[in-house]
Amino acid sequence: MDSKHKIRAVVVDDEPWALNGVASLLKEDMDFMLVAKCLQPEEAVLRINDELPDVVFLDVQMPRMNGFEVLDHVQTEKMPMVVFITAFDSYALQAFKVHAIDYLLKPFDDDQFYTMLNKVKKLFYAKQLFENEQKTLSLVHDIRNPDLKPKQEQGTYLNRIYLKDFKGITFLEVKDIKWLIAEDYYVWIHVSGKRHLFRQTMKFMEAKLDPTKFVRISRSMIIRIDLVQKIERLGDKNFIAITKTEEHFKISYSRLAKVKKALQK
């Protein structure tokens, strides 16, 4: 397989035997390309942000910084798929809350590992297919409706979204979106009292929505900036965004500065 079509992977584990074991298994699968092995969590943050991998195989318990803290230091628009590989099952719930695609317990056998890899491959290639399909539908729509095409393109940001179901295709204008809420590997798109389930990740949506019009206020929510009336503090590090129609949404403390900056523009 051409390297540009391979799934680019980073492995992170503070135990050399575990790090090398996962790396060796990955090298046996022609669909993957190992771009970095990291023994230290600080190195992992740098390599993930620099290499832009498609997937990270990540240990949880490491010195100075655990796996969840590593993810907190990864730039949101660069967030890869994540598989946690750990000897502790107590982190499983927390792992899925950060939308990890799998949680593999040590020690594992080769069959368990390759089952997990197959899940990664299915999700990766489904995402690739979906993005290509979106581009094709966008092109067809613009050709058939030249008067609806914006006079000036706004980078690579979405102007409309195409929702497919058994009835056909619905064209949803991005300017009509109020907010988006994550649910597993889907997002609920809320538009004027209605909501639409869209097969895509929050990472993708955040990268494709104009940051002058939308801001991500938590791992699970993106909101249209002009809907926010004010921000209120609830306790020491708890903040909420209040919309003009009095809806209340929690703001992650780690995203507070970015939200405030977005509202000031």
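The structure we're discussing is the one just above.
Residues numbered from 1 in each chain as written. Predicted model: local features only at pLDDT ≥ 70, side-chain atom pairs only at ≥ 80, totals over all residues. Heavy atoms only, no water.

(A) Representation of the overall build of the chain. Helix and strand counts for the chain stand at 7 helices and 15 strands. Residues classed as buried in the chain amount to 43% of the 265 residues present. In the chain, 52% of the contacts between residues at least 6 apart in sequence involve partners at least 24 apart. Of the accessible surface of the chain, which amounts to about 15,100 Å², a share of 53% is contributed by carbon and sulfur atoms. (Helix = DSSP H or I, 4+ residues; strand = E, 2+ residues; numbered from the N terminus. Buried < 20%, exposed > 50% of the residue type's maximum accessible area, 1.4 Å probe, protein only. Contact = heavy atoms within 4.5 Å. Areas by Shrake-Rupley, 256 points an atom, 1.4 Å probe, with all protein chains shown as cover.)

(B) Structural detail: the pattern of salt bridges. Counting across every chain of the model gives 17 salt bridges. The salt bridge involving R224 is made with D226; its shortest N-O contact spans 2.7 Å. For D226, a relative accessible area of 43% translates into the label partly exposed. Each of the salt bridges in this network shares a partner with another, and the network as a whole consists of D13, E15, D59 and K106. (Salt bridge = Lys/Arg side-chain N within 4 Å of Asp/Glu carboxyl O.)

(C) Representation of the side chain of N49. Among the secondary structure elements, N49 is positioned in helix α2 (residues 41-51). Within the structure, the side chain of N49 is placed 3.4 Å from the backbone oxygen of H73, a separation counted as a polar contact. (Polar contact = N/O pair within 3.5 Å; in protein donor to acceptor, adjacent residues only side chain to side chain.)

(D) Fine view of the sheet that holds strand β9 (residues 186-191). Sheet architecture is open: 5 strands sit in the order β10-β9-β8-β12-β11, paired in antiparallel fashion. At either end of the open sheet lies a strand with only one pairing partner, and these are β10 (194-198) and β11 (214-218). On average, each strand axis in the sheet is tilted by 25° relative to the strand beside it, whichever way the strands run. Here β11 runs beside strand β12 (residues 221-224); their pairing, made up of 4 bridges, is antiparallel. Within β12, the residue paired with V215 across the bridge is I223. (Pairing = 2+ DSSP bridges. Axes fitted to C-alpha atoms, helices over the stretch in contact; angles between N-to-C directions.)

(E) Region of interest: the packing of aromatic side chains. A full pass over the atoms with the stated rule returns 8 aromatic pairs. An angle of 80° between the planes, with centres 5.0 Å apart, marks the rings of F124 and Y125 as edge-to-face. Exposure remark for Y125: the relative accessible area of 29% places this residue in the partly exposed category. An aromatic cluster is present here, built from F32, F57, F108, F113 and Y114 joined pairwise through their rings. (Phe/Tyr/Trp six-rings, centres within 6.5 Å; stacked < 30°, edge-to-face > 60°.)

(F) Just the nonpolar core, in detail. Formed by 22 residues in total, the largest nonpolar core has its most connected members in V10, V12, L58, V70 and F84. Non-local contacts of V10, meaning those with residues more than four positions away in its chain, are made with V35, A36, C38, I48, P53, V55, V56 and F57. In terms of nonpolar packing, the next biggest core, distinct from the first, is built from 20 residues, V11, L104, M116 and L117 among them. (Core = buried A, V, L, I, M, F, W, Y, C linked by side-chain atoms within 4.5 Å.)

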